[in-house]
Amino acid sequence: MRSLGLIACVVLPATLSAQGVAALSPQTRQFVSVSDSVVALTNVTVIDGTGSAPRAGQTVVIRGGRIAQVGGAATVRAPAGARVIDLAGHTVI
């Protein structure tokens, strides 16, 4: 298996995500590069930690700091208004 890039996401608790990135400390804020409320990571390989094989061509929708949907590109579409980040060649764990 070739080495793939790693994406680190900050998942905020529900109460904090409602307040936005501004509520984070300056030390934490420096690690947040995407602060949109709805984000779709497209064309990623997903390793879900259950021991099943990695799944390529997946879309991960993050809404309010939480993973809302994960699935193949044919079944999970980016919601209207979401920030779409094409991460072909990257893996999400």
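As the structure is a prediction and not an experimental result, all values here were calculated from the model.

Calculation notes
Residues numbered from 1 in each chain as written. Predicted model: local features only at pLDDT ≥ 70, side-chain atom pairs only at ≥ 80, totals over all residues. Heavy atoms only, no water. Helix = DSSP H or I, 4+ residues; strand = E, 2+ residues; numbered from the N terminus. Contact = heavy atoms within 4.5 Å. Areas by Shrake-Rupley, 256 points an atom, 1.4 Å probe, with all protein chains shown as cover. Core = buried A, V, L, I, M, F, W, Y, C linked by side-chain atoms within 4.5 Å. Buried < 20%, exposed > 50% of the residue type's maximum accessible area, 1.4 Å probe, protein only. Pairing = 2+ DSSP bridges.

**What about the overall build of the chain?**
In terms of helices and strands, the chain carries 2 helices and 6 strands. When the elements of the chain are put in sequence order from the N terminus, they spell out β-α-α-β-β-β-β-β. For the chain, long-range pairs separated by at least 24 residues make up 50% of all intrachain contacts whose partners lie at least 6 apart in sequence. Accessible surface, the chain as shown: approximately 6,000 Å² in total, 55% of it carbon and sulfur.

**Side note on the environment of alanine 74**
Tracing the chain through its elements places alanine 74 in the loop between strand S4 (66-72) and strand S5 (83-86). Sequence separation of alanine 74 and glycine 57 is 17 residues, and the distance between their C-alpha atoms is 9.2 Å.

**What to know about the environment of proline 54**
Here proline 54 is to be found in the loop between strand S2 (38-46) and strand S3 (55-63). Residues proline 54 and valine 92, 38 residues apart in the sequence, show an inter-C-alpha distance of 9.7 Å. Residues in contact with proline 54, not counting those within four places in the same chain, are Thr45, Val46 and Ile47.

**Here we look at the nonpolar core**
By size, the foremost hydrophobic cluster in this structure holds 9 residues: Val39, Leu41, Val44, Val46, Val60, Ile62, Ile85, Leu87 and Val92. With sequence-adjacent residues up to four places away left out, valine 44 is seen in contact with Arg55, Ala56, Gly57, Gln58, Val60, Leu87, His90 and Val92. Formed by 5 residues, the second largest nonpolar core is a distinct cluster that contains Val38, Ala40, Val61 and Val76.

**Remarks on the pairing of S3**
Sheet analysis places S2 next to S3, joined by 6 bridges and oriented antiparallel. Each residue of the ladder has a partner; that of leucine 41, found in S3, is valine 60. As paired elements, S3 and S4 share 6 bridges and run antiparallel to each other. Bridge pairing in S4 links valine 60 to valine 70. In sequence, S3 turns back onto S4 through a hairpin of 2 residues, with glycine 64 there showing a positive phi of about 60°.

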